[in-house]
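Per-entry structural report
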Amino acid sequence: MFSEKLAIYAKKLHDLAADDRLRHLSPRSGLDFSSNDYLGLAHAPRIKRAVAAAMEAGTPVGAGGSRLLRGNCVEHERLEADAARFFGAESALFFGSGYLANLAVLTTLPLRDDLLVLDALVHASTHEGARGSRAESCLFHHNDPDAADDRILAWRRDGGVGRPWIVVESLYSMDGDIAPLDELIAVAERHDAFVLIDEAHATGVHGPQGRGLAARFEGRADIVVVHTCGKALGAAGALVTAHRVLRETLINRCRPFIFATAPSPLMAVAVSEALAILQDEPEKQQRLAQLVAFAHREIVARFGETWSSSQIIPFIVGDNARAMTLAAELQQRGFDIRGIRPPTVPAGTARLRLSLTLNVDEAAITALLDALAQLAGERRWRSAS
Ligand SMILES: Cc1ncc(COP(=O)(O)O)c(C=O)c1O
């Protein structure tokens, strides 16, 4: 029996269900076509051994406090030094998650008179950061540098006096498409703007040694980069790479950094080891590139076209319920592939998000695509077709 207090929540859940948007937690099972563990490092023996050795040597499980108090451990500082060197940045700061890092940067660095110009498809954490920021914010049409330019020009015409911040992902999490970083940075230069680049899905996978798609811009005073550690790095957390002055500003002004217990020092050890693996074992990145090329070729062979150029491949269904039914049929056949619905993606674009990782091989990809082609052929899955 619901108490009256709970009725309003029950009604909201009921409304979500009526719109085919109710979510459930389900145990992991089946071949991995949904995780972001792109290089398969979540189970890497090297990372396990590094963490075990650190524990053996006395590294505590919990940091025990904020980084500004007793929570600052040598493992955090070592990771940040390793990361700054690896990414070619002036400095790095470690956060407990990518969500927190985006929130932290956006609620701290942009100032009251600034303008946040967000790509329309940035991650929820970025929208949340913009909502909490002192700066005003607006969206620009996805991957359209001219649209970002127009937004900034209009803001200046209306009397905007601060500095613009162009906020993008280098590789979009739900569409798998890549940002035109050169053009976006040219827009930023014209307007003396900062650029915040979320490399969540590129770190470890793209760029030299997996340093990301923005690797060539690291070290610049006007670029801030978020490298999440819970995806290709197989661990958890996020490294913000930025100019030293911005790192100091975060340490002094960023509430999610100051008023939170530091991430586990064991996680810092895990991430340091993941960065070492990227440097020592380039074959992992190469193997993933091979698998991705294989998958795209096989998709074209079955469907006549492919739907992205990266390890993230969206199969757009359109309708929420149909996307979930298709996902469930594939799950029953042993493939862990998930339906993604609004608000994670725009209304009318519910989809299957195929994620390619080193946890699968060519045979698994072939089996999945055969099953998808069969199911898609049996019924008209796409609303638009
Ligand atoms: C583009 C993007 N940024 C940030 C995040 C948040 O990172 P984390 O999972 O480490 O909190 C995600 C997570 O899915 C993401 O896709």
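Quick caveat, the model's predicted, so the values are computed rather than measured.

On to the pattern of salt bridges, then. Per the stated rule, a full pass over the model turns up 21 salt bridges. The partner of Arg 287 in a salt bridge is Glu 362, and the shortest N-O contact between them spans 2.9 Å. Here Arg 287 is found in helix H11 (residues 282-303), whereas its partner Glu 362 is found in helix H13 (residues 362-378), with 75 residues between them in sequence. Overall, Glu 362 belongs to the partly exposed group, its relative accessible area being 25%.

Attention now moves to the nonpolar core. Counting residues in hydrophobic clusters, the biggest one holds 60 residues, and the most contacted among them are Phe 33, Leu 239, Phe 315, Leu 330, Leu 352 and Ile 365. Taken domain by domain, this core gets at least three of its residues from each of domain 1 (30-43 + 282-379) and domain 2 (60-280). Setting aside residues up to four positions removed in sequence, Phe 33 forms contacts with Phe 335, Asp 336, Ile 337, Arg 353, Leu 354, Ser 355, Leu 356, Val 360, Ala 364, Ile 365 and Leu 368. Formed by 53 residues, the second largest nonpolar core is a distinct cluster that contains Leu 106, Cys 138, Ile 166 and Leu 246.

On to the sheet that holds strand E12 (residues 350-355). If you walk across this open sheet you meet the three strands as E9-E12-E11, and the pairing is antiparallel. Each having just a single partner strand, strand E9 (312-318) and strand E11 (338-340) make up the two edges of the open sheet. Neighbour to neighbour, the strand axes of the sheet diverge by 35° on average, direction disregarded. Both E9 and E12 contribute to a ladder of six bridges, which runs antiparallel. For Ile 316, the partnering residue across the bridge sits in E12 and is Arg 351. Against the sheet, helix H12 (residues 320-332) makes contact with E9, E11 and E12, and its axis sits at roughly 35° relative to E12, the strand it touches most.

Turning our attention to H13. Look at H13: 24 Å from first C-alpha to last across 17 residues, which is about the 24 Å you get at 1.5 Å a residue. Turning to H13, its buried residues are Ala 364, Ile 365, Leu 368, Leu 369, Ala 371, Leu 372, Leu 375 and Ala 376. Buried residues along H13 cover an arc of 160° about the axis, so they all sit on one side. Exposed residues on H13 whose side chains face more than 90 degrees from its buried face are Ala 363 and Gly 377.

Before going further, it helps to spend a moment on the domain arrangement of the protein chain. It is common to give the size of an interface as the accessible area that goes away when the parts come together. We note that the domain assignment places domain 1 (30-43 + 282-379) and domain 2 (60-280) within the protein chain. Domain 1 and domain 2 are separated by 27 Å when their C-alpha centres are compared. Every contact between the two is made by 24 residues of domain 1 and, on the other side, 24 residues of domain 2. Summing the contributions of domain 1 and of domain 2, the shared interface buries around 1700 Å²; its carbon and sulfur component is 58%. Across the contact surface, domain 1 and domain 2 share one salt bridge. In this structure, Asp 175 and Arg 351 form a salt bridge, with 3.3 Å as the shortest nitrogen-oxygen distance. Counting the contacts that link domain 1 with domain 2 gives eleven residue pairs in polar contact (both at pLDDT 80 or more). Secondary-structure elements contributing two or more residues to the side of domain 1 that touches domain 2 are H11, E9 and E12. No other element matches the five residues that H11 contributes to the side of domain 1 that touches domain 2.

Time to look at the packing of helix H3 (residues 74-87) against helix H10 (residues 265-280). The contact between H3 and H10 brings their axes to 8 Å, and the two run at 25°. What the angle tells us is that H3 and H10 run roughly parallel. Crossing angle aside, the handedness with which H3 passes H10 is left-handed. Each of Glu 75, His 76, Arg 78, Leu 79, Asp 82, Ala 83, Phe 86 and Phe 87 in H3 lies in contact with H10, whose residues at this interface are Pro 265, Ala 268, Val 269, Val 271, Ser 272, Leu 275, Leu 278 and Gln 279.

Taken in spatial order, the seven strands line up as E2-E8-E7-E6-E5-E3-E4 in an open sheet, and their pairing is mixed. For this open sheet the edge positions go to strand E2 (91-95) and strand E4 (136-140), each flanked by a neighbour on one side alone. Across the sheet, the mean angle separating the axes of adjacent strands is 20° when strand polarity is ignored. Summarising the sheet, strand E3 (residues 115-119) and E4 pair through five bridges and their orientation is parallel. In the sheet register, Asp 119 faces E4, and the bridge partner there is Phe 140. Helix H5 (residues 124-132) contacts E3, E4, strand E5 (164-169) and strand E6 (194-198) of the sheet and is inclined by roughly 165° relative to E3.

Rules behind the numbers
- Residues numbered from 1 in each chain as written.
- Predicted model: local features only at pLDDT ≥ 70, side-chain atom pairs only at ≥ 80, totals over all residues.
- Heavy atoms only, no water.
- Salt bridge = Lys/Arg side-chain N within 4 Å of Asp/Glu carboxyl O.
- Helix = DSSP H or I, 4+ residues; strand = E, 2+ residues; numbered from the N terminus.
- Buried < 20%, exposed > 50% of the residue type's maximum accessible area, 1.4 Å probe, protein only.
- Core = buried A, V, L, I, M, F, W, Y, C linked by side-chain atoms within 4.5 Å.
- Domains from an automatic or database assignment.
- Contact = heavy atoms within 4.5 Å.
- Pairing = 2+ DSSP bridges.
- Axes fitted to C-alpha atoms, helices over the stretch in contact; angles between N-to-C directions.
- Expected span 1.5 Å × (residues − 1).
- Arc of directions from axis to C-beta.
- Buried area = accessible area lost by both parts, 1.4 Å probe.
- Polar contact = N/O pair within 3.5 Å; in protein donor to acceptor, adjacent residues only side chain to side chain.
- Parallel < 35°, antiparallel > 145°, perpendicular 65-115°, else oblique.
- Left-handed = near helix turned anticlockwise from the far one by under 90°.

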